[in-house]
Amino acid sequence: MSHPMIELRRLHRFFGTTRAVNDVSFEVQRGEVFGFIGPNGAGKTTSMRILATLELPTYGDAFVDGFSCINDPDRVRRRLGFMPDYFGTYTDVNCYEYLDFFARSYGLAGRQRHQALQHTMGFTKLDELAHKPIRGLSKGMKQRLCLGRAMIHDPAVLILDEPANGLDPRARIELREMIRELAANGKSVLVSSHILTELAEMCDRVGIIERGQLLAVGTVEEIQHEQQPHREVKVRVLGGAEGARAWLVGRSDVNDVTLVGEELKFSHQGDRDSEVVLLREMILAGFRVAEFASHSQSLEDVFMAVTKGIVQ
Amino acid sequence: MTMVQPSETQTAEGPAAPRSSPDFRETLLRWGTRLEQFLDYAGDRLNPILVKEARQSMKSKQFSVTFSLLLILSWMWTAIFVAFSVPDVFYEAWGTRLLIGYIIILSIPLFIVVPFAAFRSLAAETEDGTFELLSITSLSARQIVLGKLGSAVLQMMVYYSALAPSIAFTYLLKGVDIVSIGLLLLHTFVISVVLSILGLLAATITRARHWQVLVSVVLIAGLLFATFLADYFFIVMAIVGLPFDMPEFWMANLGLLNFWIAFGALFLIIASGQISFASDNRSTPIRMMLLLIQTMWIGWMFFLWRWNSEMYAEVFPWMMVYFAAIFWLVAGALLTGETAQLSPRAKRNLPQTLSGRVLLTWFNPGSASGYTFAMLNLATVIGTQFLAYTNIALFSSPQLQNVPGPLHTVVNSLLISRPFPDDDGWFWASLAAWGYVAGYLGTVRLFTTLARKYAPLNMLAVFLLQLVVVVMGAILPFLFLTIQTIGDPLSWHYSELQLPNWFWTMWELTWPTTRTTISPFIPGGVFAFGCLIFLLNLLSAAVEVEQVRTLAPARVREDDASLRPLEPKKRKNPWDEP
Ligand SMILES: Nc1ncnc2c1ncn2[C@@H]1O[C@H](COP(=O)(O)OP(=O)(O)O)[C@@H](O)[C@H]1O
Ligand SMILES: [Mg+2]
């Protein structure tokens, strides 16, 4: 009975000779936010559209709450909210009418519909904008309205295609908070972006995709570690830095030691725990360590390393 | 008790305004709330698209412009008419002319604006990306199309009501009666609905922008032409006068309405099939509708035949088969374009019993089953007719005339004492007609089945190919003969060389001239060729027939079980077990 809320199983989608999605598999559990990251043209939108039952895969299948997106689109649709990378709207409609229309289209009636509208407009902070024509909305308001439309029928799974694209920092933070809140309420969220840092803080796990292939899946730390098993360490030793350098060069887990003034820089192979061990051993060896700092590659570097910068 | 509270507090607070009695306001408020609740409730039953578009159209410019233009035009027409016909209008039966003028004015919004608006409204959904958002809601494709049609009907109603006073006024004049008004309104309404359905269908043909432009040009031209035809027809009827006392008039009315409604429903089903999800079974409903249309056609032909045998006996056998042949040629050209893939989803509802499989397999999606379906249906038409004739021959024999009991009455009332056509020309012609449809459709189908192994051919491509081959089949032998006999016009006549030329051959079979006598070998040969092609296709149909029902996945059955107490499983097709 336990199945992932979202599952891509060997998903392929070809457009002529373009392999937009080429054998992608991953799972998203209940209450999890999964970030789907890749440069433009990587195949994020195509995968998401297959999940949203807008397109059929060439091979493989996608499942939402255990239902096949190919064979049971109606059951999938009841459980899924999709926010595409475009803003589909009608002329001569205001925010309330827009949401009301989609609430009706999802079969909500009477009190149920009123409650859904109230909750959604409250959640996305659209209350004051209810009777504003859609045409006059800012980008941030439009994104909130789109999110509102996607969640109006209280789906268990939300698929958001580049929701933060073009938002100002404040709107971006608001969006992140909304997504975290949705996850806290048990929704599974698949969210895409071409910027890793944008998603790093809000996602439980991420998948990095390029040229239709999934290159890495896991938490951001896992991927970082996988990409860079050694971390850069900076140590300031008061007096006797030369000796420290010699001591370090003698170790097998330390490479590329450079010394500038009192500051030693080197790369250390191992995790954070082994760094603690290294620091203790330095101190026990009598070096006067005044500063010990380590950092891994920046997210951007990791992203660049994983995707190798091949952009279609 | 709580209801009274507010009014009490109000009086306690201070001197309430004396003119608004609190009790009265209370009742008003209560009724207001009740009305609102009722409207809410009623609105919930309505198609959401209808609700949305009613809201939108109140704010749209196109609507108010058309509405005002309609009013202005009708006033102008009234003024012109009155200016030129007073005082004669009070003595002569000129009211009809005024009425026809209004109907012609009305035909512009009804036959052009509304259908085109329906087309644009569905096309705009795809262009603006809202169609995708809509298609993943709980709304079915059928509901989307019906919602659009509903808002078209709503607009029609508004236009009708704009002209209602004027039309009512013509009733006061001489020469106009309530029956004519009713008939005119009914026909304009039905035509407008069918044209709107065609507009919706046109919007589903293509999603590519440049093709969409072409489609809209063709649609506008078609609508203009249809409006011209209809208005022309109305004018002629107004001049000739409506022959209320002729039963043929009422039958023609009924037949026309039947025709509009049947084909309107067919186009509606096709349109919603076009926009439904790719793994849905789009074919079965279309085929059931085709079968229904054929049944109605047979029914009409038999009715006319029984009703006035002298007049129709000669035409009836030919007409019944020829129209059916054209119908199944066009329908078959579409059906053979279907891809033979049965989605796993469609497989869950396949027939299981032997009889179910024999009878119902031909309703399944697929090109071979579609071809077989068309050919079996055409054979049914011919067979029905053949049976009818042999029955007459049988029952006309004196011994059988006095078969007692209800069976005889039924058969008697239907068949006996209808004149039997003198010659059996229609029989040979029917065989040839079947042979041509089977031969042409089947040959192209075999070819496209092969071609599909190398290149994807969509339904439209196959349809166009079918039509081109059929037309070329008639034109090429004709051209060949013409070129061959240049300078020798005397030898320009029908010969066996014209066998692929279905048009000429059928013509010769229908109106045999003494100049060319056609041997039975010609229709017989065509029929034999058709049978051969049919059998070849049947062999390739084996793949589609082989398909058996597959069990729905466990997760689906589990979901069904959890839903069952709430929503009883609906039968989606005739062989679906309840
Ligand atoms: N309808 C289509 N027809 C042809 N090629 C397409 C279509 N949709 C997407 N593609 C191609 O598939 C690849 C993946 O596109 P997409 O999924 O939109 O990438 P992303 O969303 O990651 O930017 C791109 O090379 C794109 O050109
Ligand atoms: Mg994209």
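Just so it is clear, the model here is predicted, and its values are computed rather than measured.

Rules of the game
Residues numbered from 1 in each chain as written. Chains lettered and ligands numbered in written order. Predicted model: local features only at pLDDT ≥ 70, side-chain atom pairs only at ≥ 80, totals over all residues. Heavy atoms only, no water. Helix = DSSP H or I, 4+ residues; strand = E, 2+ residues; numbered from the N terminus. Rg over C-alpha atoms; globule rule 2.2 N^0.38 Å. Buried < 20%, exposed > 50% of the residue type's maximum accessible area, 1.4 Å probe, protein only. Contact = heavy atoms within 4.5 Å. Areas by Shrake-Rupley, 256 points an atom, 1.4 Å probe, with all protein chains shown as cover. Lys, Arg positive; Asp, Glu negative; His and termini not counted. Charge placed at Lys NZ, Arg CZ, Asp CG, Glu CD. Core = buried A, V, L, I, M, F, W, Y, C linked by side-chain atoms within 4.5 Å. Near = heavy atom within 4 Å. Polar contact = N/O pair within 3.5 Å; in protein donor to acceptor, adjacent residues only side chain to side chain. Nonpolar A, V, L, I, M, F, W, Y, C, P; charged D, E, K, R; others polar. Pairing = 2+ DSSP bridges. Axes fitted to C-alpha atoms, helices over the stretch in contact; angles between N-to-C directions. Phe/Tyr/Trp six-rings, centres within 6.5 Å; stacked < 30°, edge-to-face > 60°. Domains from an automatic or database assignment. Buried area = accessible area lost by both parts, 1.4 Å probe. Salt bridge = Lys/Arg side-chain N within 4 Å of Asp/Glu carboxyl O. Expected span 1.5 Å × (residues − 1). Parallel < 35°, antiparallel > 145°, perpendicular 65-115°, else oblique. Left-handed = near helix turned anticlockwise from the far one by under 90°.

Points about the overall build of chain A
Looking only at helices and strands, one finds eleven helices and 14 strands in chain A. Taking 2.2 N^0.38 as the reference for a compact globule, 312 residues should give roughly 20 Å; the C-alpha atoms of chain A span a radius of gyration of 24 Å, well beyond that estimate. For chain A, the spread of C-alpha atoms along the principal axes amounts to about 80 × 45 × 40 Å. Within the span of chain A, comprising 312 residues, buried residues form 53% of the whole. Summarising the internal contacts of chain A: among those between residues at least 6 apart in sequence, 69% fall at separations of at least 24. Accessible area of chain A: about 13,800 Å², with a carbon and sulfur share of 49%. Charge centroids of chain A, computed over 38 positive and 42 negative side chains, lie 5 Å from each other.

Remarks on the nonpolar core
By size, the foremost hydrophobic cluster in this structure holds 104 residues, and its most contacted members are A:Phe26, A:Leu51, A:Ile159 and A:Leu190. Apart from the residues lying within four places of it in its own chain, the contact partners of A:Leu51 are A:Ile6, A:Leu8, A:Ala62, A:Phe63, A:Val64, A:Cys69, A:Val76, A:Leu80, A:Ile159 and A:Leu190.

Quick notes on the site of ligand 1
All names here are of chain A. As a structural note, the neighbourhood of ligand 1 is formed by twelve residues, with Gly41, Gly43, Lys44, Thr45 and Thr46 the closest of them. Gly41 is positioned with one of its backbone polar atoms (N or O) 2.6 Å from an oxygen atom of ligand 1. In the environment of ligand 1, an oxygen atom lies 2.8 Å from a nitrogen or oxygen atom belonging to the backbone of Lys44. When the free accessible area of ligand 1 is taken as 550 Å², the share hidden by the protein chains comes to 61%. In terms of residue count, the dominant contributor to the shell around ligand 1 is helix 1 (residues 44-51) (three residues). Its residues placed into classes, the shell around ligand 1 shows four nonpolar, seven polar and one charged.

Regarding the sheet that holds strand 10 (residues 213-218) of chain A
Residues and elements named next belong to chain A. One open sheet accounts for six strands, arranged 6-7-8-3-9-10; its pairing is mixed. Whereas interior strands pair on both sides, the edge strands pair on one side only; in this sheet they are strand 6 (80-83) and strand 10. Taken over all neighbouring pairs, the strand axes of this sheet differ in orientation by 15 degrees on average, direction set aside. Note that strand 9 (residues 205-210) and strand 10 share five bridges and pair antiparallel. Bridged to Ile209 within strand 10 is Leu214. Strands in contact with helix 1 are strand 3 (33-37), strand 6, strand 7 (157-160), strand 8 (188-193) and strand 9; relative to strand 8, the strand with the most contacts, it is inclined by about 155 degrees.

A closer look at the packing of aromatic side chains
All told, the structure shown has 32 aromatic pairs over all chains when counted by the stated rule. Measuring from ring centre to ring centre gives 5.1 Å for A:Phe101 and A:Phe102, while their planes differ by 65 degrees; the resulting arrangement is edge-to-face. Residue classification places A:Phe102 among the buried residues on the basis of a relative accessible area of 0%. Ring centres of B:Tyr436 and B:Tyr440 lie 6.4 Å apart, and the angle between their planes is 25 degrees; on these two criteria the pair is classed as stacked. Of the two residues, B:Tyr436 and B:Tyr440 both sit in helix 19 (residues 425-451), four residues apart, roughly one turn of that helix.

Some details on the domain arrangement of chain B
All names here are of chain B. Taken as a whole, chain B is organised into domain 1 (45-276) and domain 2 (278-551). Contact residues are listed per partner, giving 16 residues for domain 1 and 15 residues for domain 2. Interface of domain 1 and domain 2: buried area, both sides summed, is about 1,400 Å²; carbon and sulfur atoms make up 76% of it. Our count for the contact surface shared by domain 1 and domain 2 stands at zero salt bridges. At the boundary of domain 1 with domain 2, the tally comes to three residue pairs in polar contact (both at pLDDT 80 or more). It is helix 10 (residues 247-274) that contributes the most residues to the side of domain 1 that touches domain 2, 14 residues altogether. Class assignment for the residues of the side of domain 1 that touches domain 2 results in nine nonpolar, five polar and two charged.

Quick notes on the environment of B:Ala451
Here B:Ala451 lies in helix 19. The spatial distance from the C-alpha of B:Ala451 to the C-alpha of B:Arg97 is 59 Å, given a sequence separation of 354 residues.

As for helix 13 (residues 316-335) of chain B
Along its 20 residues, helix 13 of chain B runs 28 Å from first to last C-alpha, staying within 8% of the 28 Å computed at 1.5 Å per residue. Of all 20 residues that make up helix 13 of chain B, 14 are buried, and the element is covered over most of its length.

A short note on the pattern of salt bridges
Any two side chains of opposite charge can pair, given that their charged atoms come close. Residues and elements named next belong to chain A. According to the stated counting rule, one finds 32 salt bridges over all chains in the structure shown. A salt bridge links Arg9 to Glu7; the nearest nitrogen and oxygen atoms lie 3.1 Å apart. Here Asp65 makes a salt bridge to Arg79, at a shortest N to O gap of 3.0 Å. Remark: Arg79 occurs in the loop between helix 2 (73-78) and strand 6 and Asp65 occurs in the loop between strand 4 (59-64) and strand 5 (67-68); sequence separation between them is 14 residues.

Quick look at the environment of A:Glu222
Its place among the elements puts A:Glu222 in helix 8 (residues 220-227). In this structure, the C-alpha to C-alpha distance between A:Glu222 and A:Arg205, residues 17 residues apart in sequence, is 9.3 Å.

Brief notes about the pairing of strand 4 of chain A
All names here are of chain A. Across five bridges, strand 1 (residues 6-15) lies against strand 4 in antiparallel orientation. Paired with Glu7 across the bridge in strand 4 is Phe63. Taken together, the two bridges between strand 4 and strand 5 define a ladder with antiparallel strand orientation. From the neighbouring strand, Val64 faces strand 5, where its bridge partner is Phe67.

Things to note about the packing of helix 3 (residues 95-105) of chain A against helix 4 (residues 110-123) of chain A
Residue and element names in this part refer to chain A. Packing of helix 3 against helix 4 leaves a shortest axis separation of 10 Å and a crossing angle of 130 degrees. When the axes of helix 3 and helix 4 are compared, the pair comes out oblique. Seen from above, helix 3 lies across helix 4 with right-handed handedness. Contact residues: Tyr96, Leu99, Asp100, Ala103 and Arg104 in helix 3; Arg113, His114, Leu117 and Met121 in helix 4. In terms of residue class, the contact of helix 3 with helix 4 is made up of five nonpolar, one polar and three charged.

Examining the side chain of A:Glu198
Residues and elements named next belong to chain A. Looking at where Glu198 falls in the secondary structure, it is placed in helix 7 (residues 196-200). Engagement of the side chain of Glu198 in a polar contact is seen with the side chain of Arg172, the distance being 3.2 Å. Beyond its immediate stretch of four places on either side in the chain, Glu198 contacts Ala164, Arg172 and Ser193.

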